Amino acid sequence: AVLEVVREAILASRPIRFDGNNYDPGWVAEAARRSLPNLANAPAALEELRTPGARELFVRAGVYSEEELLARYHVKVERYVKELLLEAACLRELATTAVLPAALAGQQLLGEAIVAARTAGLSGSAGIERQQVVLQRLADGIGELLAAAAELSRLEQQTGEQERLADRATFVAQRLVPALGHLRTAADELELQVPDCLWPLPKYRELLLLL
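Worth saying up front: this structure is predicted, and the values here are computed from it rather than measured.

So, how was this worked out
- Residues numbered from 1 in each chain as written.
- Predicted model: local features only at pLDDT ≥ 70, side-chain atom pairs only at ≥ 80, totals over all residues.
- Heavy atoms only, no water.
- Helix = DSSP H or I, 4+ residues; strand = E, 2+ residues; numbered from the N terminus.
- Rg over C-alpha atoms; globule rule 2.2 N^0.38 Å.
- Buried < 20%, exposed > 50% of the residue type's maximum accessible area, 1.4 Å probe, protein only.
- Contact = heavy atoms within 4.5 Å.
- Areas by Shrake-Rupley, 256 points an atom, 1.4 Å probe, with all protein chains shown as cover.
- Lys, Arg positive; Asp, Glu negative; His and termini not counted.
- Charge placed at Lys NZ, Arg CZ, Asp CG, Glu CD.
- Patch = residues over 30% accessible without salt bridge, like charges linked within 9 Å, V, L, I, M, F, W, Y side chains within 5 Å.
- Salt bridge = Lys/Arg side-chain N within 4 Å of Asp/Glu carboxyl O.
- Core = buried A, V, L, I, M, F, W, Y, C linked by side-chain atoms within 4.5 Å.
- Axes fitted to C-alpha atoms, helices over the stretch in contact; angles between N-to-C directions.
- Parallel < 35°, antiparallel > 145°, perpendicular 65-115°, else oblique.
- Left-handed = near helix turned anticlockwise from the far one by under 90°.
- Nonpolar A, V, L, I, M, F, W, Y, C, P; charged D, E, K, R; others polar.
- Polar contact = N/O pair within 3.5 Å; in protein donor to acceptor, adjacent residues only side chain to side chain.
- Expected span 1.5 Å × (residues − 1).

It is worth spelling out the overall build of the protein chain at this point. Looking only at helices and strands, the protein chain features 8 helices and 0 strands. Listing the helices and strands of the protein chain from first to last along the sequence gives α-α-α-α-α-α-α-α. Relative to the compact-globule value of 17 Å for 211 residues, the protein chain shows a C-alpha radius of gyration of 26 Å, a clear excess of over 25%. Across its three principal directions, the C-alpha atoms of the protein chain cover 85 × 45 × 35 Å. Relative to its full complement of 211 residues, the protein chain shows a buried share of 26%. A sequence separation of at least 24 residues applies to 62% of the contacts in the protein chain between residues at least 6 apart. Summed over its atoms, the accessible surface of the protein chain is roughly 13900 Å², and 59% of this surface lies on carbon and sulfur atoms. Here the protein chain holds 23 positive side-chain charges and 29 negative ones, and the gap between their average locations is 3 Å.

Okay, unusual backbone geometry next. A positive phi is found at S35, a non-glycine position, where the angle reads about 60 degrees. Its place among the elements puts S35 in the loop between helix 2 (25–33) and helix 3 (42–46).

A surface patch of nonpolar side chains, amounting to about 260 Å² of accessible area, comprises V2, V6 and I10. Of note, V6 is situated in helix 1 (residues 2–12). The exposure class of V6 is partly exposed, given its relative accessible area of 39%.

With that out of the way, let us pick up the nonpolar core. Counting 36 residues, the largest nonpolar core has Y80, L145, L152, L176, L183 and L190 as the members making the most contacts within it. Every element with two or more residues in this core is listed here: helix 5 (66–119), helix 6 (126–160) and helix 7 (165–191). Here the element with the most residues in this core is helix 7; it accounts for 13 residues. Those residues in contact with L183 that sit more than four places away from it in its chain are L91, R92, A95, L145, A148, A149 and L152. Judged by nonpolar contacts, the second largest core, of 5 residues, contains I114, A117, I128 and L135.

Moving on to the packing of helix 5 against helix 6. The N-to-C vectors of helix 5 and helix 6 enclose an angle of 160 degrees; their axes lie 9 Å apart at closest approach. Judged by the inter-axis angle, helix 5 sits roughly antiparallel to helix 6. As for how helix 5 packs across helix 6, the hand of that crossing is left-handed. Class assignment for the residues of the contact of helix 5 with helix 6 results in 22 nonpolar, 8 polar and 3 charged.

We now examine the pattern of salt bridges. Under the defined criterion, the tally for this structure stands at 14 salt bridges. A salt bridge links E47 to R50; the nearest nitrogen and oxygen atoms lie 2.7 Å apart. Residue class for E47 comes out partly exposed when judged on its relative accessible area of 29%. The partner of D196 in a salt bridge is R205, with the nearest N and O atoms 2.2 Å apart.

Before going further, it helps to spend a moment on the environment of T97. The residue T97 is located in helix 5 in this model. For T97, a relative accessible area of 52% translates into the label exposed. Separated by 2.5 Å, the side chain of T97 and the backbone oxygen of E93 make a polar contact.

The subject of this paragraph is helix 6. Along its 35 residues, helix 6 runs 52 Å from first to last C-alpha, staying within 8% of the 51 Å computed at 1.5 Å per residue. Looking at helix 6, one finds that the buried residues are I128, L135, L138, G141, I142, L145, A148, A149, L152, L155, E156 and T159. At its buried positions, helix 6 is contacted by helix 5 and helix 7.

Below is the structure:
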């Protein structure tokens with residue numbers, strides 16, 4: 001009897017079962033082939049709570065009334081927006097008060113070393129030229145960090161300008177979250193360039209030893 005039930009469940013769930021990597025881009029194409037929805041972010045997923053099918057299901061099953069379901073939707077969406085704004089503010093503060101000063105100190109240290117070498121008469125050395133390249137890369141990284149932090153701050157402000165809660169959540173998912181990634185990438189690049197003695201945070205390789 002158990003095997004018969006399992007057999008029926010396997011056949012019934014075949015259209016939605018996927019034995020591969022659900023995080024792989026290949027799943028997106030596979031979902032489209034099966035005509036399955038692919039909700040790429042939290043606001044899109046939460047919006048499903050407001051569909052007629054969801055309302056009918058929850059009300060018929062006695063889980064929520066329509067009012068309770070709508071209230072749950074609003075609470076979850078508002079929490080999503082607030083948590084992402086908090087994360088953005090924390091990341092921006094971390095970038096500008098910890099990563100940036102360390103990168104500037106590293107830039108100053110390298111710049112002073114290059115000036116000292118030139119003063120000692122080594123200005124024609126290939127080593128000095130390579131150091132100059134390293135210094136330029138570090139300066140470019142600092143510029144990218146500052147630009148990413150400024151863009152994130154601008155988007156944080158624009159998030160609050162969205163009047164409807166659903167629009168605010170969509171804006172966060174489509175605009176703010178990618179900006180978080182850009183700032184994080186800029187900080188990660190600087191982590192690979194700033195000397196350990198100046199970096200105020202645990203580096204990724206050090207985190208392996210802290211677990």
